[in-house]
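# Summary of structural features
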Amino acid sequence: MNIRGKLIIIGGAVDKGSFTETNLDRNAPKNLNFFEEGILKRVIKESKLKELSRIEVITTASKIPKEIGPEYVKALNYLGANNVDILDIVRREQAMDPEILARLRAADVVMFTGGDQLRLTSILGGTQFDDILREKYINEDFIYAGTSAGAAAASSSMIYQGSSSEALLKGEVKITSGLGLIDGVIIDTHFVQRGRIGRLFQAVVGNPKVLGIGLGEDTGLLITNGRQMEAIGSGLVILVDGREIKDTNLTQVELGQPISINHLVTHVMSKNDTFDLDTFKMTIKSSQYV
């Protein structure tokens, strides 16, 4: 399938600068990496009309939407994007509202904030909003950007629960259906900071066809054509490839017992590195062997 849209999935804690401070300009140098090279700047750059693009910030996943939504609006405004508004959808019937659907149809970018990804999918899944979102992503020059919960929900399979410390005990990681914008991957967020690699290990050993993607904070992936991935942001992306697993005890142990895995392949990506989901080939941008 030829997919025209782009995905920008972010691990969370995007460094937007502190917009609670009254003198933003004075503090901007502290956030130079974000303002000049950061992920939100890349979202604007990749969008159809750049700074003129219509951007809707969707706060459905958050329990504090009235606090988090304006933060993103201020950040995007500071970066030159002024055609920005907030869609705070808190009930399923709102995802059928003609006015809200018209705003989605007119959007060039949707920015899904963090929060609870199960809240996001349970409110939007199976609605007209969900259908239009997928159609736009496939058929238009459109960006789905999501941080934390918004990133985790982008794939067909979605991790929604699981203790980091006990993630390699059978049954500790809970998986359900996501929004289904990309197949063949499963995404976890706040990955390095919260020690969640075990969650991806369990998700992948249960179905080695799926590539595990672990996004560090202030780190993301730009995915074009549904296949080409580029690391963006300041941190690390961990990929877990289970296709070469040789052995596991997954089906032999009881729930709550440790899982063994033999020969699980991992890759570590940093800014500008790329990965092809068709060939499973990774290219290190600044390779020491070039």
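So, here's what we can say about the structure. Keep in mind it's a predicted model, so treat the numbers as computed, not measured. (Residues numbered from 1 in each chain as written. Predicted model: local features only at pLDDT ≥ 70, side-chain atom pairs only at ≥ 80, totals over all residues. Heavy atoms only, no water.)

### Examining the packing of aromatic side chains
Throughout the structure, instances matching the rule amount to two aromatic pairs. When the ring of F112 is compared with that of Y144, the centres are 4.8 Å apart and the planes differ by 25°; the resulting orientation is stacked. Here F112 is found in strand β4 (residues 109-112), whereas its partner Y144 is found in strand β5 (residues 143-147), with 32 residues between them in sequence. For the pair formed by F112 and Y144, the shared burial category is buried. A centroid spacing of 5.6 Å and a plane angle of 70° characterise the contact between F275 and F280, whose relative ring orientation is edge-to-face. With a relative accessible area of 1%, F275 lands in the buried category. Looking at R243, its charged tip hangs above the ring of F280, at a distance of 3.9 Å from the centre. (Phe/Tyr/Trp six-rings, centres within 6.5 Å; stacked < 30°, edge-to-face > 60°. Helix = DSSP H or I, 4+ residues; strand = E, 2+ residues; numbered from the N terminus. Buried < 20%, exposed > 50% of the residue type's maximum accessible area, 1.4 Å probe, protein only. Lys NZ or Arg CZ within 6 Å of the ring centre and 35° of its normal.)

### Comments concerning helix α6 (residues 117-124)
Among the residues of α6, Q117, L120, T121, I123 and L124 are the ones counted as buried. Along α6, the residues classed as buried sweep out an arc of 170° about the axis, all on the same side. Buried residues along α6 sit in contact with β4, α7 (128-139), α8 (149-152), β6 (157-161) and β7 (174-177). The backbone nitrogen of L118 lies 2.9 Å from a side-chain oxygen of the residue at the head of α6, namely D116. Following α6 by one or two positions, G126 has its phi on the positive side, about 80°. (Arc of directions from axis to C-beta. Contact = heavy atoms within 4.5 Å. Polar contact = N/O pair within 3.5 Å; in protein donor to acceptor, adjacent residues only side chain to side chain.)

### What to know about the sheet that holds strand β8 (residues 185-188)
Taken together, the four strands give an open sheet; going across it, the order is β8-β9-β12-β15, and neighbouring strands pair in mixed fashion. Every other strand in the sheet has two partners, leaving β8 and β15 (265-269) as the edge strands with one partner each. Ignoring which end each strand starts from, the neighbouring axes of this sheet average 20° apart. Where β8 meets strand β9 (residues 211-215), four bridges bridge the pair, whose relative direction is parallel. Within the sheet, the bridge partner assigned to V185 lies in β9 and is L211. Packing of helix α9 (residues 197-206) onto the sheet brings it into contact with β8, β9, β12 (237-241) and β15, and relative to β12 it is tilted by some 25°. (Pairing = 2+ DSSP bridges. Axes fitted to C-alpha atoms, helices over the stretch in contact; angles between N-to-C directions.)

### What to know about the pairing of β9
In terms of burial, β9 is largely enclosed, as five of its five residues are buried. As judged from the four bridges shared by β9 and β12, these two strands associate in the antiparallel manner. Residue pairing across strands places G212 opposite V240, the latter belonging to β12.

### Description of helix α3 (residues 39-46)
With six of its eight residues buried, α3 lies for the most part within the structure. Inspection of α3 places I39, L40, R42, V43, I44 and E46 among the buried residues, and these make up the whole buried set.

### Details of the pairing of strand β2 (residues 55-58)
Burial along β2 is two-sided: the residues I55 and V57 and E56 and I58 are all buried. Across four bridges, the pairing between β2 and strand β3 (residues 84-87) is parallel. By the bridge assignment for β3, E56 is matched with D85. Read as a crossover between parallel neighbours, the route from β2 over helix α4 (residues 65-78) to β3 is right-handed. (Right-handed = clockwise from strand over helix to strand, strands pointing away.)

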